[in-house]
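Structural characterization, general
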Amino acid sequence: FRRSSSKAIFLVLLALVLLLNVVPFVNGQTADAAALKVKLIAATHELNRDALEDPTSYQHAAFERTSQQVNVDSFSDAKIAQYYALYCIYYATYAVPNLISDVDIRFNELGAFPTWTISNNWDKTDVDPCNGWHGIECDGSGKVTAIDLYDNLLTGSWPEEVKLLAHDGPFATGAGSLSRLDLFHNEFLWNGDDSSWITDLGSNMGTIMLEETGFTGDLAPLPEGVENFSAANSMYTGGFNYDTFASAAKLNFLNLDGCMFNTSIPSSLGALPNLEYLYLSDTLVTGTFEPLQGMPAIRELWMDANPSLTGSISPWLVGLTTLESLSLAYNRLRGEIPPEIGALTNLEFLYLYANNFNGTVPSQIGLLSKLKVLQLEDNDLNGWVPSEVCENRSFPKPLTSLGVDCNDEVLCFCCTCCHLENCTESSVELSRSNNWRALR
């Protein structure tokens, strides 16, 4: 009996040793990295699969961190793809030098390369991304819907694996239903001169904010569902063409201020049925306004500081009765201010200063009963400001700021300022920034 019992114990121990050698399992991690990698490659449509074998790549680091998650062996393919896509973002942009940081001498003075400002729970192996990772929001089914990493000191190059979180499209994995991507004010974040991934962010993508990043190269065709897009004060120089906006029928807000396109305005912008806010100041656009003809819903149109923008105020422009704010300062516009401008009865802000307009101030501007700010200084106007306009300066009328060159060629007894340097545009800046910040 004693010999049989010892033999049985020996066999049990031997079986346990063999089991542990065949299927090791520690801390809830998968035992078979090769099998996990096969699942990942299939789930991610083989996107950059070769990079997984490069130990210096962010994709390799993202896979390694994914494999360390507690109970990863029980994850669905979609959940594996979700962790991997997010860790690609992390390892591609967390304390990673790039061309921008390489030429900024301030980085040489630091003891260590800067990391994200906030990275709560991104370093955990037992916290689901939907349960507290900084900047990540999910829907009720556990799909990532928003990435909000604005003002967070991201560096490196933004990875194209973000498109694995798209609701649909060629790279959708079921891991996301992405509707918002906000990278605002990550000035040291680059895109590797490639933004083609934007096109594949899916039909559910509604808001893309790339303002004040270091993104360069060409804009990419926008997803068909996008409503708000800003790349203001980034470093884009191309892609400002018909195809970029042709499919974005839902686009409502577009801010490209400060980009350097040096090309004409694409006509696809004028055809957008829902575009209400368009900002193209200091973008080096050339030619005239004519490609913008249309814009049935436009409320704010700002195209200041484009010295190669010429032409006059066309009849179709003063027919945009939805306009509430029009700013065309610091261009090379010429001709007379047409009396038909009085048809813009919803207009609250009108900035035409620093151009080559001539003739007189039309009395029809007095019909603009909602007008709060009117700046016409630094032009070639003459005559006087009509009494119909001055009447709107009387309480309780809203016109609180009125500027012309009233000490030179234009007589004005109701102006609040004379000459460009004496006039202020703080009120219109406030109006615009409120519209923009409301998107966040």
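Described below are features of the structure shown in this document.

Rules used throughout
- Along each chain, the written sequence defines residue order, and numbers are assigned to residues from 1.
- With the structure being a predicted model, the display of local features is reserved for residues of pLDDT at least 70 and the display and counting of side-chain atom pairs for 80 or more, all residues being used for whole-chain, interface and lining totals.
- The side-chain quantities take in all heavy atoms of the structure and omit both hydrogens and water.
- Paired strands, as defined in this entry, are two strands with at least two bridges between them according to DSSP.
- A run of H or I in DSSP counts as a helix once it spans at least four residues, and a run of E counts as a strand once it spans at least two, with each numbered from the N terminus.
- In what follows, salt bridge is the name for a side-chain nitrogen of Lys or Arg lying within 4 Å of a carboxyl oxygen of Asp or Glu.
- Accessible area is worked out with a 1.4 Å probe on protein chains only. A residue is then buried under 20% of its type maximum, exposed over 50%, and partly exposed in between.
- Definition used in this section: a nonpolar core is a set of buried Ala, Val, Leu, Ile, Met, Phe, Trp, Tyr and Cys residues joined via side-chain atoms within 4.5 Å.
- Only heavy atoms enter the contact rule, under which two residues are in contact if any of them lie within 4.5 Å.
- Residues forming no salt bridge and having over 30% relative accessible area are the ones grouped into patches, like charges within 9 Å of each other and nonpolar side chains (Val, Leu, Ile, Met, Phe, Trp, Tyr) within 5 Å.
- Residue-level accessible areas treat just the shown protein chains as cover; the underlying method is Shrake-Rupley with a 1.4 Å probe.
- Counting rule for charge: Lys and Arg are taken as positive, Asp and Glu as negative, and neither His nor the chain ends is counted.
- By convention, the charge on Lys lies at NZ, on Arg at CZ, on Asp at CG and on Glu at CD.
- Pairing of aromatic rings covers Phe, Tyr and Trp, the last counted by its six-membered ring, and requires centre-to-centre distances within 6.5 Å; plane angles under 30 degrees mean stacked, over 60 mean edge-to-face, and any other angle means tilted.
- Put simply, a charge is over a ring when the Lys NZ or the Arg CZ is close to the ring centre, within 6 Å, and near the line of the ring normal, within 35 degrees.

The three strands lie next to each other as β12-β14-β16, forming an open sheet whose pairing is parallel. The sheet terminates laterally at β12 (334-336) and β16 (380-381), the two strands that pair on one side only. Sheet topology note: the β12/strand β14 (residues 356-359) ladder contains three bridges and is parallel. Among the inter-strand pairings, Arg-334 is bridged to a residue of β14, identified as Asn-356.

This brings us to the pattern of salt bridges. The full count for this structure, using the stated rule, is 12 salt bridges. Across the salt bridge formed by Lys-163 and Asp-200, the nearest N and O atoms sit 3.9 Å from each other. Note that Lys-163 is positioned in the loop between β2 (144-148) and β3 (176-182) and Asp-200 in the loop between β3 and β4 (207-209), a separation of 37 residues in sequence. On the basis of relative accessible area, Lys-163 is assigned to the buried category, the value being 5%. Through salt bridges with shared partners, a single ionic network connects Glu-137, Asp-148 and Arg-180.

For the rest of this paragraph, the subject is the nonpolar core. Counting 110 residues, the largest nonpolar core has Ile-147, Trp-158 and Phe-229 as its most contacted members. Among the elements that make up this core, the one with the highest residue count is helix α4 (residues 77-93) (10 residues). The residues touching Ile-147, leaving out its near neighbours within four places in the chain, are Ile-89, Gly-135, Ile-136, Trp-158, Val-162, Leu-165, Leu-178, Arg-180, Leu-181 and Asp-182. The next biggest cluster of nonpolar side chains, apart from the first, holds seven residues, and it includes Phe-349, Tyr-351, Tyr-353 and Val-373.

Next up on the list: a negative patch on the surface. On the surface, Asp-378, Asp-380, Asp-408, Glu-409 and Glu-421 cluster together into a negatively charged patch. With respect to the element layout, Asp-378 can be found in the loop between β15 (373-375) and β16.

This paragraph deals with the packing of aromatic side chains. Overall, the coordinates contain 25 aromatic pairs when judged by the stated rule. With a centroid separation of 4.8 Å and an interplanar angle of 40°, the aromatic rings of Trp-122 and Trp-133 are classed as tilted. In this pair, Trp-122 is assigned in the loop between α5 (99-102) and β1 (136-138) and Trp-133 in the loop between α5 and β1, connecting sequence segments 11 residues apart. Accessibility assignment for this pair places Trp-122 and Trp-133 in one class, buried. Look at Phe-215 and Tyr-236: their rings are 6.4 Å apart centre to centre, the planes differ by 90°, and that puts the pair in the edge-to-face class. With Phe-215 in the loop between β4 and β5 (216-218) and Tyr-236 in strand β7 (residues 235-238), the pair connects residues that are 21 residues apart, well separated along the chain. Counting every residue linked through ring pairs, the aromatic cluster contains Phe-75, Tyr-83, Tyr-87, Tyr-90, Tyr-91, Tyr-94, Trp-116, Trp-122 and Trp-133. Positioned above the aromatic ring of Phe-171 is the side chain of Lys-163, whose terminal nitrogen or guanidinium carbon lies 4.0 Å from the ring centre.

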